[in-house]
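Descriptive structure summary
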Amino acid sequence: MRRRDFLAATGAVAGTLALRADLASATPEQAQEAIRALVGGGTLRKGRVKLDLPPLVENGNAVPLTVTVDSAMSAMDRVRAIHVIAEKNPQPVVAVLRFGPRAGRAAASTRIRLADTQTVVAVAEMADGTFWSGSAEALVTMSACVEGV
Amino acid sequence: MARTLINMPKRARRGEIVEIKAMIAHVMETGYRRTETGAAIPRDILRLFVCTCDGEEVFRAEIHPGIAANPYFAFSALAAGSGTFVFSWTGDNGFAATESVRLEIE
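Residues numbered from 1 in each chain as written. Chains lettered and ligands numbered in written order. Predicted model: local features only at pLDDT ≥ 70, side-chain atom pairs only at ≥ 80, totals over all residues. Heavy atoms only, no water.

Considerations on the overall build of chain B
Tallying secondary structure elements over chain B gives 0 helices and 8 strands in all. Its helices and strands in sequence order give chain B the pattern β-β-β-β-β-β-β-β, from N to C terminus. For chain B, whose C-alpha radius of gyration is 16 Å, the value lies well above the compact-globule estimate of 13 Å for 106 residues. In terms of overall dimensions, chain B has a C-alpha envelope of 60 × 20 × 20 Å along the principal axes. Among the 106 residues that make up chain B, the fraction classed as buried is 46%. Put simply, of all contacts in chain B between residues at least 6 apart along the chain, 55% involve residues at least 24 apart. (Helix = DSSP H or I, 4+ residues; strand = E, 2+ residues; numbered from the N terminus. Rg over C-alpha atoms; globule rule 2.2 N^0.38 Å. Buried < 20%, exposed > 50% of the residue type's maximum accessible area, 1.4 Å probe, protein only. Contact = heavy atoms within 4.5 Å.)

Dropping the structure here:
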């Protein structure tokens, strides 16, 4: 292989890798941006939201997550939605869980993907217009979305 | 139609809170992965899961690529009266699936 061809080829690969690195992770700033966008003019307070994640995640492709909000789910005190945000995933917003008039408890579980060791934040949007947040750290040993097919 | 699995009681007392677990078989391809040759694998995910009871909304999840394959949601509902719970999933490439379960009040 001629030197020029080699450089062109490796350059192209490096370019692709750089692009993938851009795609692979959002920044905590982007996550903060997403939280600001959903809170709008309201204020975000810490508390009332309990986020359960395994502290050590072997496989980031399916991480069990349970979020519970301290709310009676009465007419006055209701959770409208819970936003789950993972700051180092390619897209920080993982899911928005909304509770309708027939919801029971202010709690839900699902399984999420984690691209890296990070802090996951849950923001609860209450019917009275207030926002509360809780977070959990997860140490990820095998990341989601790195393997090919 | 995709395989679904719903776990909830068939009978409940009035005013009781029933636990519901719903899962569906779906690859949830994120759109961020590539094949060995470097070609991007197009996104194919579910976008929305909704559970209603006699038309009244119980729970809704707006789904992004960060939800794991075979999306699973566990939540609860207030058993206000006998009714039919309808579960529906919609997603990319015109994906749609619906399931229903009847709950009787004792």
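Let's pick the thread back up.
Focus: the pairing of strand β8 (residues 118–126) of chain A
Both faces of the sheet carry side chains from a regular strand, because those side chains alternate between them. Residue and element names in this part refer to chain A. Burial analysis of β8 places 9 of its 9 residues in the buried class, the great majority of the element. Residue alternation in β8 divides its side chains into two sets, Q118, V120, A122, A124 and M126 and T119, V121, V123 and E125, and both sets are buried. Examined bridge by bridge, strand β5 (residues 79–86) and β8 share 7 bridges and lie antiparallel to one another. If you follow I82 over to β8, its bridge partner there is A124. Bridging between β8 and strand β9 (residues 131–140) involves 8 bridges; their strand directions are antiparallel. Residue pairing across strands places Q118 opposite A138, the latter belonging to β9. In this structure, the hairpin formed by β8 and β9 is closed by a connection of 4 residues, where G129 is found at a positive phi of approximately 90 degrees. (Pairing = 2+ DSSP bridges.)

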